[in-house]
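Examination of the molecular architecture
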Amino acid sequence: MHLAKISINELREPALVARATIDEDGIEELAADLRRVGVLCPLHVMEVEGGYEVVAGHRRLLAARRAGLVALPCLVRTARDADPTVIKLHENLYRQELTPVEEAAFFAELLPTCENDTDKLAGLVKQSRNYVEGRLLLLQGDPEVLAAVAQREITLGVAEELNKITDPASRAEGLMWARNGQMTVP
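What you are looking at is a predicted structure, and each value in this text was computed from that prediction instead of being measured. (Residues numbered from 1 in each chain as written. Predicted model: local features only at pLDDT ≥ 70, side-chain atom pairs only at ≥ 80, totals over all residues. Heavy atoms only, no water.)

1. A word on the pattern of salt bridges
Definition in use: One side-chain nitrogen of Lys or Arg within 4 Å of one carboxyl oxygen of Asp or Glu is enough to make a salt bridge. By the criteria applied, helices consist of DSSP H or I runs no shorter than four residues and strands consist of E runs no shorter than two, each listed in order from the N terminus. Think of it in three bands: with a 1.4 Å probe and only protein chains considered, a residue is buried below 20% of the maximum accessible area for its type, exposed above 50%, and partly exposed in between.
All chains considered together, the criterion is met by 13 salt bridges. Residue glutamate 13 is joined to arginine 65 by a salt bridge in which the shortest nitrogen-to-oxygen separation is 2.9 Å. Of this pair, glutamate 13 sits in the loop between strand E2 (11-12) and helix H1 (24-37) while arginine 65 sits in helix H2 (residues 58-67), and the two are 52 residues apart along the sequence. In this structure arginine 65 comes out as partly exposed when scored by relative accessible area, which is 37%. With its nearest N and O atoms 2.6 Å apart, the salt bridge here joins arginine 179 to glutamate 153. With arginine 179 in helix H9 (residues 168-179) and glutamate 153 in the loop between helix H7 (143-150) and helix H8 (156-163), this residue pair connects regions lying 26 residues apart in the sequence. For glutamate 153, a relative accessible area of 35% puts it in the partly exposed group. Through salt bridges with shared partners, a single ionic network connects Glu24, Glu28, Arg35 and Arg66.

In structure tokens, the structure reads:
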């Protein structure tokens, strides 16, 4: 395996696509991000007749085409490397989205670089102001509620409602009910 910058014209879409559908809005958002910062994570490719087949990074390839990029960083795999199907499955099955708490901590770290301006931060992370503020407010709420979200015991919506309860005893009781699945937010 070696790293190479490969012309986008030499890259072929995977013969076996992992995703049944491609979210067009998601591709457009990724394309905008690639225009802004470039490709940070190389595609995994295998050499095929007339070019390279994408093993992992199909969405990045589609977005890079829309972004008008001419060459992409790629890890070129050989037949001796791991089975391409295993790589594709690993890329799609084991990827885990950030929790709201992880996002909140990340946003809090980024905020000073945005002059503590929530609108600038929202623009930087390509999310709405409400989305960013919701995560930042989570960090200012009850530490027990924060821990329950971090451990995926309750949802962000339930946490937001619990943090509105000013009486600590009532909030603790609500958290107990929420952890037991007795409290939900539509």
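From this point, things continue past the structure.
2. Description of the nonpolar core
Put simply, the rule reads: Residues belong to one nonpolar core when they are buried, are Ala, Val, Leu, Ile, Met, Phe, Trp, Tyr or Cys, and are joined through side-chain atoms within 4.5 Å. We call two residues in contact whenever any of their non-hydrogen atoms come within 4.5 Å of each other.
Residues Leu11, Leu43, Val45 and Leu72 are the most contacted members of the largest nonpolar core, which totals 20 residues. Listed by contribution, the elements that provide at least two residues to this core are H1, strand E3 (43-48), strand E4 (51-56), H2 and strand E5 (71-77). At five residues, the largest contribution of residues to this core is made by H2. Once residues within four sequence positions are removed from consideration, leucine 11 is found in contact with Ile6, Val45, Tyr52, Leu61, Arg65, Leu72 and Cys74. Formed by 12 residues, the second largest nonpolar core is a distinct cluster that contains Leu138, Ile154, Ala159 and Leu175.

3. A short note on the packing of aromatic side chains
Using the following cut-off: Side-chain rings of Phe, Tyr and Trp, where Trp is taken by its six-membered ring, are said to pair if the distance between their centres is within 6.5 Å; with planes under 30 degrees apart they count as stacked, over 60 as edge-to-face, and otherwise as tilted. We call a charge positioned over a ring when the NZ of a Lys or the CZ of an Arg lies within 6 Å of the ring centre and within 35 degrees of the ring normal.
Tallied over the entire structure, the rule returns two aromatic pairs. Ring centres of phenylalanine 106 and phenylalanine 107 lie 6.4 Å apart, and the angle between their planes is 45 degrees; on these two criteria the pair is classed as tilted. Phenylalanine 106 gets classed as partly exposed once you look at its relative accessible area, which sits at 41%. One aromatic cluster in this structure is built from Phe106, Phe107 and Tyr131. The ring of tyrosine 131 is capped by arginine 135, whose NZ or CZ atom sits 3.7 Å from the centre of that ring.

4. Digging into the sheet that holds E3
This is how it is decided: What makes two strands pair is DSSP finding at least two bridges between them.
In spatial order, the strands read E1-E5-E3-E4-E2; together these five strands make up an open sheet with mixed pairing. Where the open sheet ends on each side, the last strands, each with one partner, are strand E1 (2-7) and E2. With two bridges joining them, E2 and E4 adopt parallel strand pairing. Residue pairing in the sheet places arginine 12 in a bridge with glutamate 53 of E4.

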